[in-house]
Amino acid sequence: MTSQDNINRSRAKWPRRLAIALAIALVAACLAAGAFLVYASSYYHDADAHHENLASTAQLPVEQGDGYLAFGDPNASVGLVFYPGAKVEYSAYAPLMRDLAERGVFSVVVQMPFNFAFFDINAADRVRAAYPAITSWWVGGHSLGGSMAAQYAADHADDPSMKGVVLAASYSASDLSHANLGAVSVYGSNDQVLNRSKLEENAGLLPSESSTVEIAGGNHAGFGDYGPQDGDGSASISPEQQRGQAADIIAAYLLDREQAATPQSASLPQAA
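Residues numbered from 1 in each chain as written. Predicted model: local features only at pLDDT ≥ 70, side-chain atom pairs only at ≥ 80, totals over all residues. Heavy atoms only, no water.

Q: Hey, could you go over the overall build of the protein for me, with residue numbers and the actual values?
A: On a plain count of helices and strands, the protein comes out with 6 helices and 8 strands. When the helices and strands of the protein are read in sequence order from the N terminus, they spell out α-β-β-β-α-β-α-β-α-β-β-α-β-α. Counting only residues that meet the buried cut, the protein has 43% of its 272 residues in that class. For the protein, the proportion of contacts with a sequence separation of at least 24, taken over those separated by at least 6, is 73%. (Helix = DSSP H or I, 4+ residues; strand = E, 2+ residues; numbered from the N terminus. Buried < 20%, exposed > 50% of the residue type's maximum accessible area, 1.4 Å probe, protein only. Contact = heavy atoms within 4.5 Å.)

The following block contains the structure:
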């Protein structure tokens, strides 16, 4: 057999080898996708089985939109789009959204594909488009949701209607230190899920006028209504107390910033 014959035989084997390699890659991808779907299918469900927290009242309207739940006055001065934590059903944050709405912040929690916020970082876009009357928007979230909301804020830092980020048991992995934004971070003292090292290390990524508050006795799961979370510490306050304190802290920060940014009417001289 000549050298050319050997070359031709070698070349003839390449399509078969390529087909085998592609088949192996396809099988590996299918197995990985299957493993992810199994992992994602086990998530934390909203503990409010009868959806009582979604009841609308004259004082606190609730609206179901395209993959979101909106709470409060859609003509409020300040709006918040909230991203849920990883593997948590988005409606489990309805109690916190209600608490914030009662304090004057129009609050919207968005549904995420497979309950992971990194699959739809720009989810706030459709909410902001749906409520054009609100010109001061904040984005925030719980745990992974907060980090993804911080990424959204960083990407929209030059948008005049984007005012800042709200972090609940979370931290920013995006550099917001030079952005003209606000940031408020709240977490529970008994939280055993939050990476405290990252919380401290990444504090320098937040804007200069950011505020960080530890809720004494709170834990990781206390920001939502989905029951205990694996690996979390035990709370010494009730979830209702934790959410109420968080809402007080967040609403005060957002509304104070809004008031400070609103031009005050100039005093008119008194008539003689």
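After that view, the rundown keeps rolling.
Q: Explain the pattern of salt bridges to me, and be specific about the residues and the numbers.
A: Two side chains bearing opposite charge may form a pair once their charged atoms approach each other closely. The full count for this structure, using the stated rule, is 5 salt bridges. Asp159 is the partner of Arg128 in a salt bridge, and the nearest nitrogen-oxygen pair spans 2.7 Å. Of this pair, Arg128 sits in helix α3 (residues 124-130) while Asp159 sits in the loop between α4 (144-155) and β6 (162-168), placing them 31 residues apart in sequence. The class of Arg128 is buried, set by a relative accessible area of 13%. What makes Asp159 partly exposed here is its relative accessible area of 24%. In this structure, the salt-bridge partner of Arg257 is Glu209, at a minimum N-O distance of 2.8 Å. Taken together, the positions of Arg257 in helix α6 (residues 239-261) and Glu209 in the loop between α5 (196-201) and β8 (211-215) put the pair 48 residues apart, joining distant regions of the chain. Exposure remark for Glu209: the relative accessible area of 56% places this residue in the exposed category. (Salt bridge = Lys/Arg side-chain N within 4 Å of Asp/Glu carboxyl O.)

Q: Please give an account of the packing of aromatic side chains that cites residues and values.
A: Think of a pair of aromatic rings as described by two things: how far the centres are apart, and how the planes are tilted against each other in angle. Throughout the structure, instances matching the rule amount to 11 aromatic pairs. Ring geometry for Phe106 and Trp137: centres 6.4 Å apart, planes at 65°, overall edge-to-face. Taken together, the residues span a long stretch of sequence, with Phe106 in strand β4 (residues 106-110) and Trp137 in strand β5 (residues 137-142) at a distance of 31 residues. For the pair Phe106 and Trp137, a shared accessibility class is recorded, and that class is buried. Taken together, a centroid distance of 5.7 Å and an interplanar angle of 65° make the contact between Phe114 and Phe119 edge-to-face. Owing to a relative accessible area of 42%, Phe119 belongs among the partly exposed residues under this scheme. (Phe/Tyr/Trp six-rings, centres within 6.5 Å; stacked < 30°, edge-to-face > 60°.)

Q: Residues and numbers for the sheet that holds β6, please.
A: Sheet architecture is open: 8 strands sit in the order β1-β2-β4-β3-β5-β6-β7-β8, paired in mixed fashion. Two strands lie at the open edges of the sheet, namely β1 (62-65) and β8, each paired on one side alone. Taking the axes of each pair of neighbouring strands and ignoring which way they run, one obtains an average angle of 20° across the sheet. Pairing between strand β3 (residues 79-83) and β5: 5 bridges, direction parallel. Opposite Gly79, over in β5, you have Trp137 as the bridge partner. The strands touched by α6 within the sheet are β5, β6, β7 (182-188) and β8, with β7 carrying the most contacts at an inclination of about 170°. (Pairing = 2+ DSSP bridges. Axes fitted to C-alpha atoms, helices over the stretch in contact; angles between N-to-C directions.)

Q: Help me get a handle on the side chain of Arg98, residues and values and all.
A: Among the secondary structure elements, Arg98 is positioned in helix α2 (residues 94-102). We note that Arg98 is buried and unpaired, the nearest opposite charge coming from Glu102 at a distance of 5.1 Å. What Arg98 contacts, discounting residues up to four positions off in sequence, is Asn53, Leu54, Ala55, Thr57, Leu60, Val62 and Phe71. (Lys, Arg positive; Asp, Glu negative; His and termini not counted.)

Q: How would you sum up the nonpolar core? Please name residues and give values.
A: When a protein is soluble and globular, its nonpolar side chains tend to lie buried together. Among the nonpolar cores identified, the biggest contains 36 residues, and Phe71, Phe82, Leu100, Val109 and Leu254 are the most heavily contacted of them. Of all the elements, α6 adds the most residues to this core, at 6 residues. Each residue touching Val109, except ones within four places of it in the same chain, is listed here: Gly67, Tyr68, Leu69, Phe71, Phe82, Tyr90, Tyr93 and Met97. (Core = buried A, V, L, I, M, F, W, Y, C linked by side-chain atoms within 4.5 Å.)

Q: So, a nonpolar patch on the surface: which residues are in play, and what are the values?
A: A grouping of Phe114, Phe118 and Phe119 is seen on the molecular surface, where their side chains present a nonpolar patch of about 300 Å² in accessible area. Mapped onto the secondary structure, Phe114 falls in the loop between β4 and α3. On the basis of relative accessible area, Phe114 is assigned to the partly exposed category, the value being 44%. (Patch = residues over 30% accessible without salt bridge, like charges linked within 9 Å, V, L, I, M, F, W, Y side chains within 5 Å. Areas by Shrake-Rupley, 256 points an atom, 1.4 Å probe, with all protein chains shown as cover.)

Q: Could you give me a rundown of the confidence of the model for the protein, with the residues and numbers involved?
A: In this model, the protein carries an average pLDDT of 89, and 81% of its residues clear a pLDDT of 70 or more. Contacts of residues 28-33 to residues separated by more than four positions or lying in other chains number 0 contacts, the stretch itself having pLDDT below 50. Every residue in residues 265-272 scores below 50 in pLDDT, and together they form 0 contacts with partners more than four places removed in sequence or on other chains. (pLDDT = per-residue confidence, 0-100.)

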